[in-house]
Amino acid sequence: MTKTKTETVSTDDCKVKPPLSIVVEERISACFKGQMAQEEYLQSKLKTCLRSDNIQLWKAPYTTENNEAGQQAIKELAEKYAPSLNLNATEVESALEAVRALTVKRGKANETYKTEGVATLEISLPKKYKQRSQRHYLETKLDITSNQLIAMISEQFGVGPNMKLILSGRTVGAGKTLQEQGVKHNSKIMVLSLKESEEDKQKMAGEEKQYQNKNETITRTQKGFEILSERDGSMDPDTTPFLEIADQKGNPIKIPPAERKALILAMGLHEKGRSLLKKKDYETSLCLLLQADEQFSKCGSQLLNTVDNYAVLQLDIVWCYRALENLDYLQNAKERLQKAESCFLKCYGEEQTRLLQIKGNSGREEVLFLRLYLLQGFLFFLRGEDQLAAEKVVKVEGLYRQLCVDPEQMTQLLALGYTEQEARLGLRACRGNLNEAANHISQRREEKAEMKRKEREKRRKRMDDINTLREMGYSERDAARALHDAEGNLDRAFQILLGNYCLVETRSNDTESSGTDSSNREVMINQLVFLGFDRDSAVAALGLAGGNVQLAAQLLVHHRGNLPPDILSPSPRSSSSEEPSTSSNSAGSPINARDEQMDLDLVNEVLGDIPNHEEDYLDLNLEEESEVIAKLKSYLETKHQPPC
């Protein structure tokens, strides 16, 4: 839906991936994540068993009057559950004690909240601040602001003050109290640290670009897309770039202004988030993706059900949750994946029938379903639902084998002059058929060339129409605006301008100031009188038209020779009706010039993150996916053993 750019990828991406049945041996780097996942899995299994047996660990005999563990009762319970979980009793006993301690702690916190109004928040810290699988809590009143909470987190856990707080998948804003933003007792707050590390700063010290922290990146991105969302394409796109919402064929989609603005902001923030996701800057990416989600929520459900952008965004957000090892957001992740699956169904149709009608194939979109099923499988595993997780893994493996492209075929397509992105997408679209892929890529190139040709023709006609209106005495900006409002219809644009007489460009230096013009003016008055108009009306119309006899005649015809009083005695022009500063109006102040340059820099900066290829979001090399598949399989195959 937005224009994209091609991104060059290393040929290593095209290598054949290792068979997924082989368990990955090099797991040292994944040790922490693996242990967290295994502990979450085991505790989930135990909670299911406890609910089934109606066992309450916070009561006797499992918890004493002093809130200590009833060791004998816990040990007996562990011995009971260990065989069915295929684990030794010691591991189960340790996990039971973790569940019991957490339950008791929550009970105390509930009592404190009831009696003193002090809420307990579970704080999910960035990876480098976590201590193994330890959970972090913070007690506070809910009438404080988010800035005060940030200061408390910074002081208590040593996290730098430059952070974003996430609650239930949305950013906690500044200025309002926690209670006003829906923070409650026992809420889970995710902390995203946005400041670069000292090591990163040192790496950037030798570069010419001035160091900017990630928070500034987010602010600049949002500002840049806000500027673009205000532009409607009425000005020359060569000098004033804008974003147009279009379908797969490049045809503009008509959307109400408010929804259009929200959609452009959403799509722009999503694209920037995706670009950072590729660089594995998950924290900054997640902030932008969540902001995009907030903007998408302002769009009507009917619009969201017809495009896949919203579904892809949900996948990207959950992918960030996974990469940041945030297991506290399992419920939010589940809800987002359900939204994605529902949106894909409505957008693509049952068995992708609607997608096949629109695009002729569905091979490229399979990567989205691979990620969807993979993330669903991972969540099933963490919730202890092994059978459902295994079923998802089977689906994922089938799609993975289908989507892995043959490196020899890639080489042949590259030799024909196609890019790696074109080759990979083409082979996937054509299910690995080399000849069909080459034809497909050529056809797509021809379609794009035709779209560009039509766009050039549209721009040429638009400039011709603008020049026609300028010859009638209107400024370039007003002519462009009228044509935009008239959807390119020159006659309608002229009618719009006729209703705005204050837009007629007065040319005092060219008309009424010279002696020769007064004689010409008399000639023009006589011409209008000869056409049958009253002399006084002719004089008034000629004055309103700035000495343009053709426009004066149009005014008189439009009003049947009788100009209304409000036109004959117009109120003084307000500053808002004057023509804004343009290339033809160089009287702008230095401050405005600086502001315009800053806006231009911001716009160019954010446009650089929009890929040229419209299917860039489908071009996954599957390297990350293959690693997650292997880890998930190893979890399911060796449940009781830590992966490292």
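Residues numbered from 1 in each chain as written. Predicted model: local features only at pLDDT ≥ 70, side-chain atom pairs only at ≥ 80, totals over all residues. Heavy atoms only, no water.

Asker: How would you explain the overall build of the protein if you had to name every residue and give the values?
Answerer: The secondary structure content of the protein amounts to 25 helices and five strands. The proportion of buried residues among the 644 residues of the protein is 46%. Taking all contacts inside the protein whose residues are at least 6 apart in sequence as the whole, residues at least 24 apart take part in 67%. Accessible surface, the protein: about 33,700 Å² in total, of which carbon and sulfur atoms supply 49%. (Helix = DSSP H or I, 4+ residues; strand = E, 2+ residues; numbered from the N terminus. Buried < 20%, exposed > 50% of the residue type's maximum accessible area, 1.4 Å probe, protein only. Contact = heavy atoms within 4.5 Å. Areas by Shrake-Rupley, 256 points an atom, 1.4 Å probe, with all protein chains shown as cover.)

Asker: Quick one: what's the story with unusual backbone geometry, residue by residue and with numbers?
Answerer: Negative phi characterises most residues that are not glycine, and trans characterises most peptide bonds. At the junction of Ala60 and Pro61, the peptide bond is cis and its omega measures out at 10° in the coordinates. Of note, Pro61 is situated in the loop between α1 (31-52) and α2 (71-85). Despite not being glycine, Lys280 shows a phi value in the positive range, around 65°. Structurally, Lys280 is set in the loop between α7 (257-278) and α8 (282-296).

Asker: Can you explain helix α22 (residues 549-558)? Please cite residues and give values.
Answerer: Where α22 is concerned, the buried positions are Leu551, Ala552, Ala553, Leu555 and Leu556. Trailing α22 by a residue or two, Arg560 shows a phi angle of about 55°, which is positive.

Asker: Just give me the short version of the pattern of salt bridges, but keep the residues and values in it.
Answerer: Pairs may arise between side chains of opposite charge once their charged atoms sit close together. Evaluation of the coordinates by the stated rule reveals 24 salt bridges. Among the ionic pairs, Arg322 bridges to Glu624, the shortest N-O distance being 3.5 Å. With Arg322 in helix α10 (residues 309-323) and Glu624 in helix α25 (residues 623-637), this pair connects stretches of sequence that are 302 residues apart. Judged by its relative accessible area of 18%, Glu624 falls in the buried class. Between Glu447 and Arg444 there is a salt bridge, with the nearest N and O atoms lying 2.4 Å from each other. Highlighted residues: Glu447 and Arg444, both in helix α17 (residues 434-471), separated by three residues, approximately one helical turn. (Salt bridge = Lys/Arg side-chain N within 4 Å of Asp/Glu carboxyl O.)

Asker: Before we move on, can you summarise the packing of aromatic side chains with the specific residues and values?
Answerer: Taken as a whole and judged by the stated rule, the model has seven aromatic pairs. Ring centres of Phe296 and Tyr310 lie 5.6 Å apart, and the angle between their planes is 65°; this geometry places the pair in the edge-to-face category. Taken together, the residues Phe296 in helix α8 and Tyr310 in helix α10 connect sequence positions 14 residues apart. On the basis of relative accessibility, which here comes to 0%, the residue Phe296 falls in the buried class. Ring geometry for Phe378 against Tyr635: centres 6.5 Å apart, planes inclined by 45°, an arrangement best described as tilted. Pair noted here: Phe378 is in helix α13 (residues 366-382) and Tyr635 is in helix α25, with a separation of 257 residues, a long-range link. Overall, the relative accessible area of 2% leaves Tyr635 in the buried class. In this structure an aromatic cluster arises from ring pairing among Phe344, Tyr348, Phe369 and Tyr373. (Phe/Tyr/Trp six-rings, centres within 6.5 Å; stacked < 30°, edge-to-face > 60°.)

Asker: Which residues make up the sheet that holds strand β2 (residues 136-140), and what values do they have?
Answerer: An order of β2-β1-β5-β3-β4 is seen for the five strands of this open sheet, with the pairing classed as mixed. For this open sheet the edge positions go to β2 and β4 (170-171), each flanked by a neighbour on one side alone. Contacts from α8 reach β3 (163-167), β4 and β5 (188-193) within the one sheet, and its direction differs from that of β5 by about 125°. (Pairing = 2+ DSSP bridges. Axes fitted to C-alpha atoms, helices over the stretch in contact; angles between N-to-C directions.)

Asker: Would you mind going over the state of the cysteines in detail, with residue names and values included?
Answerer: One pass over the full model with this rule turns up zero disulfides. The thiol sulfur of Cys287 is not disulfide-bonded, and the nearest other cysteine sulfur, from Cys320, lies at 9.5 Å. (Disulfide = S-S within 2.5 Å.)

Asker: Please set out the nonpolar core residue by residue, giving values where relevant.
Answerer: Core analysis: the biggest nonpolar cluster contains 74 residues, and Leu286, Phe344 and Leu368 have the highest contact counts within it. The element contributing the most residues to this core is α13, with 13 residues. With near-sequence residues (within four places) excluded, Leu286 lies in contact with Met190, Leu192, Ile317, Cys320, Tyr321 and Leu324. Tyr474, Ala479, Ala493 and Phe533 belong to the second largest nonpolar core, which has 26 residues in total. (Core = buried A, V, L, I, M, F, W, Y, C linked by side-chain atoms within 4.5 Å.)

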